[in-house]
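Here is what each chain is made of, one letter per residue.
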Amino acid sequence: MGKTADVEGRPGYVMTMVTREQYIRREKAISNICTSEALMALAAAVYLAAVGKGGLRRIAELCYHKAHYAARAISKLKGYSLVFDRPFFKEFAISCPLAPSKINEVLLHERIIGGLDISHMIDYGMLLCVTEMNTKQEIDRLVEILASL
Amino acid sequence: MRKHDLLPDISKPGKIGCTLPELDVPLAELPPEELLRKELELPEVSEGELVRYFTALSKMNYGVDTGFYPLGSCTMKYNPKWHEDIPRLPGFGSTHPLQAQETSIWLRSPAWMLSLSFPWPEHTVSLPAS
């Protein structure tokens, strides 16, 4: 977006370097069927403005601390370990004592959608993700069920 | 707020427009400084300011809610409003594209599709629970 001023000096905003036919020669446009991303962009803009610079950092920290709490607890369980030792944000790969597909079956029975089965890349590998949406109680329950397998 | 103020113009340090979840786990050691971003260029506004800002913007807009809106090209038109309702249904909006098929197969079931209530009474269809 570009910022400019009108003849009375009031600020105005314009799309610049947008060469789509829908903008520059609408009367001759021939491709008029596709989707509008504007609503999603608006929703993202409202979200970012609602959380602000401090809030987004706080949310990132919540993701980080909760994911690390889960990773630490799972890696202490017998048969489970973290696959990598590099810094991570909110996703981490674990190696499980049995096939991830079997684990996910049990988890699903407990009404938990388990991690992504990555055993085609890492033996008995599962990719888990923890965000600010997950509570300590939920993480503890997951760890408890994994421990019981 | 003046008419042409943008969110960064009314931003005040420390303000926030929502309530964040509590930190309910012990702190973990953060990654090395060089991996962390220092500052984000985002405004800090209260919830009231945010709502008023976007409501004021919406009043400057011309659309199907405010007047006759003939055919437009792709980025000038929106889908029917109820298309926005369906993805927000509980259990639908939070479905992950990679989650196991058996946990999402119901999304493609005709019974579920038919059980959606459409805004036109004559199109409201439901099937008895089996």
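A few points about the overall build of chain A
Part 1 of the argument: What chain A contains, in helices and strands, is four helices and six strands.
Part 2 of the argument: A burial count over chain A gives 23% of its 149 residues as buried.
Part 3 of the argument: Sequence separation of at least 24 residues holds for 49% of the intrachain contacts in chain A that already meet a minimum separation of 6.

Side note on the overall build of chain B
Part 1 of the argument: On a plain count of helices and strands, chain B comes out with four helices and zero strands.
Part 2 of the argument: The order of helices and strands in chain B, counted from the N terminus, is α-α-α-α.

Description of the interface of chain B and chain A
Part 1 of the argument: The partner chain A presents 39 residues to the 34 residues of chain B that form the contact.
Part 2 of the argument: Tallied by class, residues from the side of chain B that touches chain A come to 22 nonpolar, seven polar and five charged.

Section: the nonpolar core
Part 1 of the argument: Ranked by size, the top nonpolar core spans 18 residues in total, and within it Ala67(A), Ala70(A), Ile74(A), Ile94(A) and Cys96(A) carry the most contacts.
Part 2 of the argument: Mapped by element, the contributors of at least two residues to this core are helix 2 (38-75), strand 4 (91-95) and helix 4 (136-147) of chain A.
Part 3 of the argument: Among the elements that take part in this core, helix 2 of chain A stands out by supplying six residues, more than any other.
Part 4 of the argument: Excluding residues that lie within four positions of it along the chain, Ala70(A) makes contacts with Leu128(A), Val130(A) and Ile139(A).
Part 5 of the argument: Residues Ala49(A), Val51(A), Leu50(B) and Tyr53(B) belong to the second largest nonpolar core, which totals seven residues.

Observations regarding the sheet that holds strand 6 (residues 125-129) of chain A
All names here are of chain A.
Part 1 of the argument: Taken in spatial order, the four strands line up as 3-4-6-5 in an open sheet, and their pairing is antiparallel. Where the open sheet ends on each side, the last strands, each with one partner, are strand 3 (81-82) and strand 5 (116-117).
Part 2 of the argument: Relative to strand 6, strand 4 runs antiparallel, the two sharing five bridges. Residue pairing for strand 6: Phe92 is matched across the bridge by Leu128.

What to know about unusual backbone geometry
Residues other than glycine predominantly adopt negative phi, and peptide bonds predominantly adopt the trans conformation.
Residue and element names in this part refer to chain A.
Part 1 of the argument: Even without being glycine, Arg111 reaches a positive phi, approximately 65°.
Part 2 of the argument: You can see Arg111 is positioned in the loop between helix 3 (100-109) and strand 5.
Part 3 of the argument: Look at Arg111 and you get exposed, because 6 C-beta atoms sit within 10 Å.
Part 4 of the argument: In this structure, Tyr124 is a non-glycine residue whose phi angle is positive, near 55°.
Part 5 of the argument: Following the sequence through the fold, Tyr124 ends up in the loop between strand 5 and strand 6.

Quick look at the confidence of the model for chain B
Residues and elements named next belong to chain B.
Part 1 of the argument: The predicted model of chain B averages 77 in pLDDT, with 70% of residues at 70 or higher.
Part 2 of the argument: When pLDDT is averaged over each element of chain B, helix 1 (residues 7-10) comes out on top at 94 and helix 4 (residues 110-115) at the bottom at 62.
Part 3 of the argument: Counting interchain partners and residues more than four positions distant, the pLDDT-below-50 stretch residues 119-130 has 10 contacts.
Part 4 of the argument: In the model output, the complex is listed with pTM 0.78 alongside ipTM 0.75.

Analysis parameters
Residues numbered from 1 in each chain as written. Chains lettered and ligands numbered in written order. Predicted model: local features only at pLDDT ≥ 70, side-chain atom pairs only at ≥ 80, totals over all residues. Helix = DSSP H or I, 4+ residues; strand = E, 2+ residues; numbered from the N terminus. Buried ≥ 20, exposed ≤ 12 C-beta atoms within 10 Å, placed from the backbone. Contact = placed C-beta atoms within 7 Å. Nonpolar A, V, L, I, M, F, W, Y, C, P; charged D, E, K, R; others polar. Core = buried A, V, L, I, M, F, W, Y, C linked by C-beta atoms within 7 Å. Pairing = 2+ DSSP bridges. pLDDT = per-residue confidence, 0-100.

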